[in-house]
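A closer look at the structure
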Amino acid sequence: MKKTGLVWLWLSLITIVVDLWTKYSIVQHFELHESLNILPIFDLTYTRNHGAAFSFLADHSGWQKYLFLGLAIVISIGLVVMLFKNKRDLKLQNSGYALIIGGAIGNAIDRAYNGYVIDFLHFYWDIYHYPVFNIADVSIVVGAGLLILESFLEHRKSKKSD
């Protein structure tokens, strides 16, 4: 029996649990827009994002909620299929897919339940502020980074064998 990349879904589950737990903790301990300074360049700041990354489409009438929910579901299903087709030992690729699935589902659950995504990680330097984000967003970015890294390593490996 073929051992597939589906065994990496444990990483998706951990991502979802940590993401939802951190969002719940923020809502329980902070008022909306309340901030707690942690480091000279980092605050915990409770915000709500009705759009996508960088509040894309946030100022629309609400239809974007269903668009982003649908995208998260379709992308997650597609990546689960990719995991199923992959061999278990493709660590970078499978962990990248699993992290993206976990992040997409974490934000989708938040969006379906609340109508928006809870963000709270706020980095800045002087007057420059990076948009506030959450653990699911970190997971998606790290997952995409692992897939990019894997593709560079695979490209390098194929050039050496030529």
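Refer to the structure presented above.
Residues numbered from 1 in each chain as written. Predicted model: local features only at pLDDT ≥ 70, side-chain atom pairs only at ≥ 80, totals over all residues. Heavy atoms only, no water.

1. Details of the sheet that holds strand E3 (residues 117-125)
Short version of the rule: Two strands form a pair only when DSSP identifies at least two bridges running between them. The helix and strand labels rest on DSSP assignments: H or I over at least four residues marks a helix, E over at least two residues marks a strand, and numbering proceeds from the N terminus. Two residues form a contact once any of their heavy atoms are found within 4.5 Å. The axes used here are C-alpha line fits, helices contributing only the stretch in contact, and every angle between their N-to-C directions lies in the interval 0 to 180 degrees.
Taken in spatial order, the 4 strands of this open sheet run E1-E2-E3-E4, and their pairing is antiparallel. Pairing within the sheet leaves two strands with one partner each, and these edge strands are strand E1 (35-39) and strand E4 (128-129). Relative to E4, E3 runs antiparallel, the two sharing 2 bridges. Residue pairing for E4: Trp 125 is matched across the bridge by Tyr 128. On the sheet, helix H1 (residues 9-29) packs against strand E2 (42-49) and E3 and is oriented at approximately 85° with respect to E3. Across the face of the sheet, helix H3 (residues 91-114) comes into contact with E2 and E3 while running at roughly 120° to E3.

2. Digging into H1
Rules: A helix is expected to span 1.5 Å for every residue after the first. Whether a residue is buried, partly exposed or exposed follows from its accessible area with a 1.4 Å probe, protein chains only, as a fraction of its type maximum: under 20%, in between, or over 50%, in that order.
The end-to-end C-alpha separation of H1 is 30 Å, in line with the 30 Å expected for 21 residues at 1.5 Å each. Turning to H1, its buried residues number three or more, namely Leu 11, Ser 12, Thr 15, Ile 16, Asp 19, Thr 22, Lys 23, Ser 25 and Ile 26.

3. So, unusual backbone geometry
A positive phi angle, close to 75°, is found at His 33, a residue other than glycine. With respect to the helices, strands and loops of the structure, His 33 is situated in the loop between H1 and E1. Of note in this structure, Asp 126 is not a glycine but carries a positive phi near 60°. Here Asp 126 is to be found in the loop between E3 and E4. Overall, the relative accessible area of 62% leaves Asp 126 in the exposed class.

4. Some remarks on the environment of Glu 150
Convention followed: Contacts described as polar in this section are N or O atom pairs within 3.5 Å, which, within protein, must combine one atom able to donate a hydrogen with one able to accept it, while residues neighboring in sequence count only if both atoms come from side chains.
Topologically, Glu 150 is positioned in helix H4 (residues 135-161). By relative accessible area, which is 16% here, Glu 150 ends up buried. In this structure, the C-alpha to C-alpha distance between Glu 150 and Gln 93, residues 57 residues apart in sequence, is 6.4 Å. Filtering out sequence-adjacent residues up to four positions away, Glu 150 remains in contact with Leu 92 and Gln 93. A polar contact is formed between the side chain of Glu 150 and the side chain of Gln 93, at a distance of 3.5 Å.

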